[in-house]
Protein chains: 2
Amino acid sequence: MTEPSARLAGGVGDADVVVAVDVGGTGMKCALVSPDGRTVHSERHPTEAARGPEAVVDTILAVAEGLAGKARADGRNPVALGVAVPGIVDEARGVAVWSANIGFRDVPLRDLAVARLGLPTALGHDVRVGGVAEARLGAGRGAGHVLFVAIGTGIAAAHVVDGSADVGAHGAAGEFGHILVRPDGPRCGCGRPGCLEAVASAAAVGRRYAELAGRPATAAEVAERAAAGEPLAARVWQDTVDALADGLATAQALFDVATVVVGGGLAQAGAQLLDPLRAALRQRMTFHREPALVPAALGDEAGCLGAALLALDAVGVPRTVEKR
Amino acid sequence: MTEPSARLAGGVGDADVVVAVDVGGTGMKCALVSPDGRTVHSERHPTEAARGPEAVVDTILAVAEGLAGKARADGRNPVALGVAVPGIVDEARGVAVWSANIGFRDVPLRDLAVARLGLPTALGHDVRVGGVAEARLGAGRGAGHVLFVAIGTGIAAAHVVDGSADVGAHGAAGEFGHILVRPDGPRCGCGRPGCLEAVASAAAVGRRYAELAGRPATAAEVAERAAAGEPLAARVWQDTVDALADGLATAQALFDVATVVVGGGLAQAGAQLLDPLRAALRQRMTFHREPALVPAALGDEAGCLGAALLALDAVGVPRTVEKR
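Notes on the structure follow. Just so you know, the residues in each chain are numbered from 1, in the order the chain's sequence is written. Just so you know, chain letters begin at A and ligand numbers begin at 1, following the order they were written in. At least 70 in pLDDT is required for a residue's local features to be given in this predicted model, at least 80 for side-chain atom pairs to be given and counted, and no such filter applies to totals for whole chains, interfaces and linings, which use all residues. Side-chain numbers come from the whole structure's heavy atoms, not from hydrogens or water.

1. Section: the overall build of chain A
To keep things clear, this is the line we draw: Think of it this way: any DSSP run of H or I at least four residues long counts as a helix, any run of E at least two long counts as a strand, and we number them from the N terminus. The quantity called the radius of gyration is restricted to C-alpha atoms. Its globule counterpart is 2.2 Å times the number of residues to the power 0.38. Relative accessibility thresholds used throughout: buried, under 20% of the residue-type maximum; exposed, over 50%; partly exposed, between the two (1.4 Å probe, protein chains only). Note on definitions: a residue-residue contact is assigned when non-hydrogen atoms from the two residues lie within 4.5 Å. Only four residue types enter the tally: Lys and Arg on the positive side, Asp and Glu on the negative side, with His and both chain ends excluded. Where a charge lies is defined by one atom per residue type: Lys uses NZ, Arg uses CZ, Asp uses CG and Glu uses CD.
On a plain count of helices and strands, chain A comes out with 9 helices and 13 strands. Expected size for 324 residues packed as a compact globule is a radius of gyration near 20 Å; at 20 Å, chain A falls within 12% of this value. Viewed in the frame of its principal axes, chain A has a C-alpha envelope of about 65 × 45 × 35 Å. Residues counted as buried form 57% of the 324 residues belonging to chain A. Restricting to contacts in chain A with at least 6 residues of sequence separation, those with at least 24 account for 62%. Treating the 30 positive side-chain charges of chain A as one cloud and the 36 negative ones as another, the clouds have centres 3 Å apart.

2. Digging into the nonpolar core
For the record, the criterion: Here the nonpolar core consists of buried residues drawn from Ala, Val, Leu, Ile, Met, Phe, Trp, Tyr and Cys, with membership extended through side-chain atoms lying within 4.5 Å.
Counting 88 residues, the largest nonpolar core has F176(A) and F176(B) as its most contacted members. Ignoring sequence-local partners within four residues, the contact set of F176(A) consists of V149(A), I155(A), A156(A), A157(A), L196(A), G247(A), L248(A), A251(A) and L254(B).

3. Describing the interface of chain A and chain B
For clarity, the threshold we go by: Summed over both partners, buried area is the accessible surface (1.4 Å probe) that two parts give up on being assembled. We define a salt bridge as a contact between a side-chain nitrogen of Lys or Arg and a carboxyl oxygen of Asp or Glu at a distance within 4 Å. The nonpolar class holds Ala, Val, Leu, Ile, Met, Phe, Trp, Tyr, Cys and Pro. Asp, Glu, Lys and Arg form the charged class, and all remaining residues, Gly among them, are polar.
Contacts between the two partners involve 40 residues from chain A and, on the opposite side, 39 residues from chain B. Here chain A meets chain B over a buried area of about 3,500 Å², counting both sides, of which 64% is carbon and sulfur. A per-residue breakdown of the area chain A buries against chain B is headed by H170(A), L254(A) and F287(A), which together make up 20% of the total. At the junction of chain A and chain B, the tally comes to 2 salt bridges. It is helix α7 (residues 231-255) of chain A that provides the largest number of residues to the side of chain A that touches chain B, a total of 7 residues. Of the residues assigned to the side of chain A that touches chain B, the class counts are 20 nonpolar, 10 polar and 10 charged.

4. Comments concerning the sheet that holds strand β7 (residues 105-107) of chain A
Residues and elements named next belong to chain A. Here is the rule we go by: When DSSP locates at least two bridges between a pair of strands, those strands are taken to pair. Geometry is summarised by axes, namely lines fitted to C-alpha atoms with helices restricted to the contacting stretch, and by angles between N-to-C directions that run from 0 to 180 degrees.
Across the sheet, 3 strands lie side by side as β5-β6-β7; this open sheet has antiparallel pairing. If you trace the sheet from one side to the other, it starts and ends with β5 (88-90) and β7, each paired once. Strand-to-strand twist in this sheet, taken as the mean axis angle between neighbours without regard to direction, amounts to 20°. Of the pairings in the sheet, the one linking strand β6 (residues 95-98) to β7 comprises 2 bridges and is antiparallel in character. Considered in β7, the bridge of W98 is made with R105.

5. Topic: the relation of the copies chain A and chain B
To keep things clear, this is the line we draw: Copies overlap after least-squares fitting; the atoms used are the C-alpha atoms of residues with pLDDT of at least 70 in both.
Superposing chain A onto chain B requires a rotation of 180° together with a translation of 0.0 Å along the rotation axis, leaving an RMSD of 0.0 Å. On the angle and the small slide along the axis, the relation comes out as a two-fold axis. Identified as the residue of chain A closest to the rotation axis by C-alpha distance is V181(A), at 3.4 Å. Comparing interface residues between copies, 98% of those in chain A also lie at the interface in chain B; the contact surface is shared.

6. Quick look at the side chain of R284(A)
Heads up, the condition is: Distance and chemistry together define a polar contact, namely a pair of N or O atoms within 3.5 Å, with one atom able to donate a hydrogen and the other to accept it when in protein, and with adjacent residues in sequence counting only for side-chain atoms on both sides.
Its location among the elements puts R284(A) in helix α8 (residues 271-284). Its relative accessible area of 13% is what places R284(A) among the buried residues. Separated by 2.6 Å, the side chains of R284(A) and D246(A) make a polar contact. At 2.8 Å, the side chain of R284(A) forms a polar contact with the backbone oxygen of A280(A). Setting aside its immediate chain neighbours within four residues, R284(A) contacts D242(A), A245(A), D246(A), A249(A) and R192(B).

7. Some remarks on the packing of aromatic side chains
What counts here: Here a pair means two rings of Phe, Tyr or Trp (six-membered ring of Trp) with centres within 6.5 Å. Their orientation is stacked below 30 degrees between planes, edge-to-face above 60, and tilted elsewhere.
According to the stated counting rule, one finds 3 aromatic pairs over all chains in the structure shown. An angle of 15° between the planes, with centres 6.0 Å apart, marks the rings of W98(A) and F287(B) as stacked. With W98(A) in strand β6 and F287(B) in the loop between α8 (271-284) and β13 (292-295), this residue pair bridges two chains.

8. Regarding the packing of helix α3 (residues 126-137) of chain A against helix α9 (residues 302-314) of chain A
Residues and elements named next belong to chain A. Counted only if it meets this: What sets the label is the angle itself: under 35 degrees gives roughly parallel, over 145 gives roughly antiparallel, 65 to 115 gives roughly perpendicular, and the rest give oblique.
Where α3 contacts α9, the axes come no closer than 7 Å and their chain directions differ by 85°. Considering the angle they form, α3 stands roughly perpendicular to α9. Counting all contacts with α3, which are made through D126, V129, G130, V132, A133, E134, R136 and L137, the residues of α9 involved are A302, G303, L305, G306, A307, L309, L310 and D313. Its residues assigned to classes, the contact of α3 with α9 shows 9 nonpolar, 3 polar and 4 charged.

9. A closer look at the pattern of salt bridges
All names here are of chain A. Per the counting criterion, the structure on display carries 36 salt bridges over all chains. A salt bridge links D300 to R44; the nearest nitrogen and oxygen atoms lie 3.0 Å apart. Here D300 is found in the loop between β13 (292-295) and α9, whereas its partner R44 is found in strand β3 (residues 39-46), with 256 residues between them in sequence. Among the residues examined, D300 registers a relative accessible area of 40% and is labelled partly exposed.

10. Observations regarding unusual backbone geometry
Residues and elements named next belong to chain B. For E48, which is not glycine, the phi torsion reads 50° and is therefore positive. One can find E48 in the loop between β3 (39-46) and α1 (53-73). Take E48: its relative accessible area is 45%, and that puts it in the partly exposed class. The residue D162 is not glycine, and still its phi comes out positive at about 50°. Examined against the element boundaries, D162 turns out to sit in the loop between β10 (155-161) and β11 (164-165).

Read these as geometric descriptors, not functional statements.
Here it is as C-alpha cells:
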C-alpha cells in the first residue's frame, strides 16, 4: 500500500497507523492513531473483567485484530500495536505482572499479541503511558520534567522526563497513592495505614463524608456541597486538599518537576480542586521550586494515546513532539 | 604526551586522567582519576566556608589547577575537570544555584573553571554524583535501578538509573530528607514540620536523645548505648529506624528500585542500622517488591569518584561499567 515516496523520514508512511488499546477495569478505549499523534478512528468495548483474565486477554487480542483489519480495509497500514493495562507492568519483558482489577498474574501479553497479530507490540502501564501522552501531547507539553497524577478511585502517578516515564526495576514505579501522608490515618486497601490513596482518592472522599455525615455521597457530591458552603463537606474537601498537597510536596522533593498535571475523576472538580491545592502546595515549598500545577488536557483518551506513543516508539518513529 | 597508538577506543589515552574535586562544608576531597575509575593521586584541603563563597570558589579553582599541574608533572594528561558541590545544582547550566553550607547563590562554577583551567568541566551535586559512583563502581553495581541514601547531619538521596542520576527540572531532585514522615513531628531546618531529616538524621538522633535524657550525645553514642541495652537509647534508635523505613517505603513506592545503598555518617553503625531497617522496610512492603538494602562501599570517596565519572562522561569516555 505504501510507496517509498510516501514514507516519512523515520520510515513511516503517511498511510501508517498504530493500533492502541487502553484496558481499564470496566472498559477498553481503542484507537487507530497516526504517527503525528492524531486519532483517526476510535472504539470502546466493555472489559467484563468478571469473566477472568484469560477471557479479557482474548478480548484484547480480538479487538486489536479487529482494529488492524479495519485499518487495512480503510487503506491504512497498521505498523504496530500498543496496549496499556493497569497494575504492575514489566514493560521491558512485555508482561502484565499483577492487576487487582483484572486479575492478571504474569501474563506475557506482548508475546501473545505478537503471536496473534504478527505486529510489533509494546505493553505499557495505563497511568505511565497516560503521563507520557500528557507530557508529549497534552498539558505537560514543553515542560521536560512532568509528574502526571491520576486521582480517581485510586491514586497513581507517572514521572516523565523528556517524554519517557520511569518504569522502575520491577515495573512498579509511580505508586503515588501508596506514599505515607497520615501515619495515624485510615488503613489503605494495600494493607498499610496512612497511604495517600486511603485519605485523598475519590473513593476516600466519599467514604470520609459518609462516616461523618451518616449518609453516603460521591466525591463529586462532596465537591458540590463544599462549593455550596456546607461546612462538613468543606472540611472533608479541605482535608483532601491538604493530604494531596502533602503528597505532592513529598513528590516534588524527590522528583523536582517543572509541571504537575492532575487528571482522573477528582480533577473534574477543576478550579475547586486545583486552586486550593496550588495554594496549599505553595505553602509547603520552602527551599524547593514550586511546580506549575495544571489540569490534564487529554481526559480519558490519555491512556489510549499513550499506548499509541509507546507503539510508535517501539517501531522507531521519530517523536513529533521534541524534547525540551 | 599521548601517541595515537596509546589511545583507547573512546579517544582516551592511557596517560589520561580527570581532575576531581568534591567540595564539602568543611573539607574538599580531590583526586586524579584514570578512565577506568582508579584514583591515581588524592589530596584533601580545608574548605574554610566562613571566608565566603568567593574565596571558596577561588580555592576550588586553585586546587583544581594545582592537580592538573601535578598530573602534567607526573607525565599524565588532564583531560577534564569534575566538581561536586552541595545544595541545589543546575548541572545542565553548570551553576551552583544555592547552598546553605557554603553560601553559593547562582555561581557559574563551570564557566569559571573553564576560563581558568581551559579544561572541559562538569559540575554535579555531591550526593547525586556519590550515588552515580556507588551505582557504577560501588555497592549498587549491576543493579540498574539504585537509590543512594546519605544519612548524616542531613539526609539526601540520589535516584540512579543505568548509571545516571535524576537531576530534576531545577537541579533539586533527590531531597529525601524533606519528605513528610511525621506530620506531628519536630520542625525541620527547612521550615516545615515532619520532614524525615528532622527526625532521622544523625543530628536529629543526637538532639532527640539529649531532649529525653537531659544530657548531650552524638548519634554514634546513642547507637553504642542502644547496643549496650540502654532503654532510652534503644527507643530513640528504634524510632529513627521506623522513620527511615517509612521514608524508604515512600521512596520505593515512587521509584521501585532494585537496590537501596545506605551511606553517610549514620550508616557507620553498620548492621545495627541496616538489620532492623531491612526488617522494618520489609514490614512496610505490601504489593511492592522489596529492594535489597546494602551499605555503601565507597565511603567518603564516593563524591570525588562521582565527580570524576561526571567529567569522564562529559568528554565522552565510554563507561567502564556497563549498563545492566
